[in-house]
Amino acid sequence: MTHKLTSSLCASLRGDITPPGDKSISHRSIMFGGIAEGTTTVRGLLEGEDVLSTVAALRAMGAKIHKDDAGVWHVTGVGAAGLQAPSEILDMGNSGTSARLLMGLVAGKNFTTRFTGDASLCKRPMERVIDPLSQMGARFESTDGKLPLSVTGSVTVKPITYTLPVASAQVKSAVLLAGLSAEGVTTVIESVPTRDHSENMLRGFGADVRVTKNDAGADVILIMGNPKLVARDITVPADPSSAAFPIVAALLCPGSHVILRNVGLNPRRAGLIETLIEMGGDITFENRRSEGGEPVADLVVKGSRLRGIDVAPERAPSMIDEYPILSVAAACANGVMRMRGLGELRVKESDRLALMAQGLTQCGATVEIESDDLIVHGTGAAPRGGAVITTALDHRIAMSFLVLGMRSAEPVSIDDGRCIATSFPVFVAMMNKLGAKIS
Ligand code: S3P
């Protein structure tokens, strides 16, 4: 059976959609609910494969998790000391967030946990969490710093001060989660701000998390060990990283008018929208409000003529998952687009720098990689398309090229669309409802 998907030229997009729940917040809702006391309710949970890997892992360690008939998830936590050793190896599938955050969570537990994942996840670097968690006392066994690996937690977790060597919310979160089991204050210093959902949500569950600045202007995040975490009710906003695909599609298709409801606009996640507006995108915000401590709004997106711009490296963490779709926007825009400082894209679900350059070139665009920068030479018209793209188990590569196919003269296919279910299971149906032709 083929899992190939093909996207063909379509007319303008119209409609009113709510993209699926935020992946980062969904993972954390299950994890933090799973170790709190009492029953956390989660509305709007992303039911993608990545989050379901986290659900399975927390269940394997003793949390009781179920979804009711109204679609609300209930997570009954085990309390601070209640996590149990999982009897089976934890298979994290494609999900780096599950793997890295859960390693932090079990680093202070008196048992051994084994982790594995799919072919993509087993290639991704884990030293970035192994290093700080080892300093805190956890013991790792792995062949080359990658999955499969096992971690044996320490009963006396050492509270460390850790300066992030890479801008990574996953590494920051792993250290903070290990810090929950430490005696004393664990400190993480980040010079470039990354998504702060762990800090905000842990505080919401009752942890003492403080953020200050040091003399160099870096964020200093402190977490006190051994807090009592208490269940709470969570409403998950729509994921800006998933909304990115219909947003760019609507901008690229002339005459489009699409409303996206309830989109999360945490400033540390909103870099793409800022960038698209700078490129000339007609995106307006309605009904700005706060939901569950996160800023959200309804977005109105209209077909626009985009121009290439220079995107500074400092913006990368606030749109790190959005470069694949941004480079599609750049390929259809007018002028040169230079996206700087994208080294981290090489260690995502695939080497996104290489795969985007390769796929866009196959579709007829002119693209260069210079050091860690991606340069796309837009002509003001979509590249011709007519290619089958290798997605290498990467959902965002898959969705990006299906959006390109909506504008290119010849259809664009992806070799295997199954990976889309990791973050956006209803992608094809939602895009087709707006007017796309994906089959
Ligand atoms: C995530 C952080 C980012 C992002 C990933 C989700 C998170 O990874 O790419 O999709 O939920 O913390 P890094 O922190 O490794 O950049």
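A few words on the site of the ligand. What surrounds the ligand is the set Lys23, Ser24, Arg28, Thr97, Ser168, Ala169, Gln170, Arg195, Ile320, Asp321 and Lys348. The contact in question runs from an oxygen atom of the ligand to an N or O atom on the side chain of Arg28, over 2.7 Å. Note that an oxygen atom of the ligand is positioned 2.7 Å from one of the side-chain N or O atoms of Asp321. Across the complex, the protein chains shield 96% of the 380 Å² of accessible surface that the ligand would expose by itself. With respect to the detected pockets, the ligand is housed in the largest pocket.

What follows deals with helix α7 (residues 240-252). Its 13 residues give α7 an end-to-end C-alpha distance of 18 Å, which sits within 8% of 18 Å, the value for a rise of 1.5 Å per residue. Residue Asp239 occupies the N-cap position of α7, its side-chain oxygen lying 2.8 Å from the main-chain nitrogen of Ser241.

Our next topic: helix α1 (residues 23-35). With 13 residues, α1 ought to run about 18 Å at 1.5 Å a step, and its terminal C-alpha atoms sit 19 Å apart, in line with that. With 13 of 13 residues buried, α1 is to be regarded as a mostly interior element. Here α1 starts with a cap whose side-chain oxygen sits 3.0 Å from the backbone nitrogen of Ser24, and that cap is Asp22.

Counting 76 residues, the largest nonpolar core has Ile247, Leu276, Met339, Leu360, Phe401, Val403 and Phe427 as its most contacted members. Examining the composition of this core, we find that nine residues originate from one element, α7, more than from any other. Look past the residues within four positions of Ile247 in its chain and what remains in contact with it is Leu260, Ile273, Leu276, Ile283, Leu299 and Val301. If you look at the next biggest cluster of nonpolar residues, it comprises 64 residues, including Met92, Val129, Tyr162 and Ala178.

Where α7 meets helix α8 (residues 271-278), the closest approach of the two axes is 11 Å, and the angle between their N-to-C directions is 10 degrees. The angle between α7 and α8 places the two elements in the roughly parallel class. Seen from α7, the contacting residues are Ala244, Ile247, Val248 and Leu251; seen from α8, they are Leu272, Ile273 and Leu276. Looking at the contact of α7 with α8 residue by residue, the classes come out as seven nonpolar, no polar and no charged.

With two bridges connecting them, strand β18 (residues 310-311) and strand β19 (residues 334-339) associate as parallel partners. Note that in β19 the partner of Val311 across the bridge is Met339. Looking at chain direction, β19 and strand β21 (residues 373-379) are connected through six bridges and run antiparallel. Across the sheet, Val336 pairs through a bridge with His377, a residue of β21.

Rules behind the numbers
Residues numbered from 1 in each chain as written. Predicted model: local features only at pLDDT ≥ 70, side-chain atom pairs only at ≥ 80, totals over all residues. Heavy atoms only, no water. Near = heavy atom within 4 Å. Polar contact = N/O pair within 3.5 Å; in protein donor to acceptor, adjacent residues only side chain to side chain. Areas by Shrake-Rupley, 256 points an atom, 1.4 Å probe, with all protein chains shown as cover. 1 Å grid on protein atoms, 1.4 Å probe; cavity = no way out; pocket = protein on both sides within 12 Å on 5 of 7 lines; lining within 4 Å. Sits in = over half its atoms within 2 Å of the grid points. Helix = DSSP H or I, 4+ residues; strand = E, 2+ residues; numbered from the N terminus. Expected span 1.5 Å × (residues − 1). Buried < 20%, exposed > 50% of the residue type's maximum accessible area, 1.4 Å probe, protein only. Core = buried A, V, L, I, M, F, W, Y, C linked by side-chain atoms within 4.5 Å. Contact = heavy atoms within 4.5 Å. Axes fitted to C-alpha atoms, helices over the stretch in contact; angles between N-to-C directions. Parallel < 35°, antiparallel > 145°, perpendicular 65-115°, else oblique. Nonpolar A, V, L, I, M, F, W, Y, C, P; charged D, E, K, R; others polar. Pairing = 2+ DSSP bridges.

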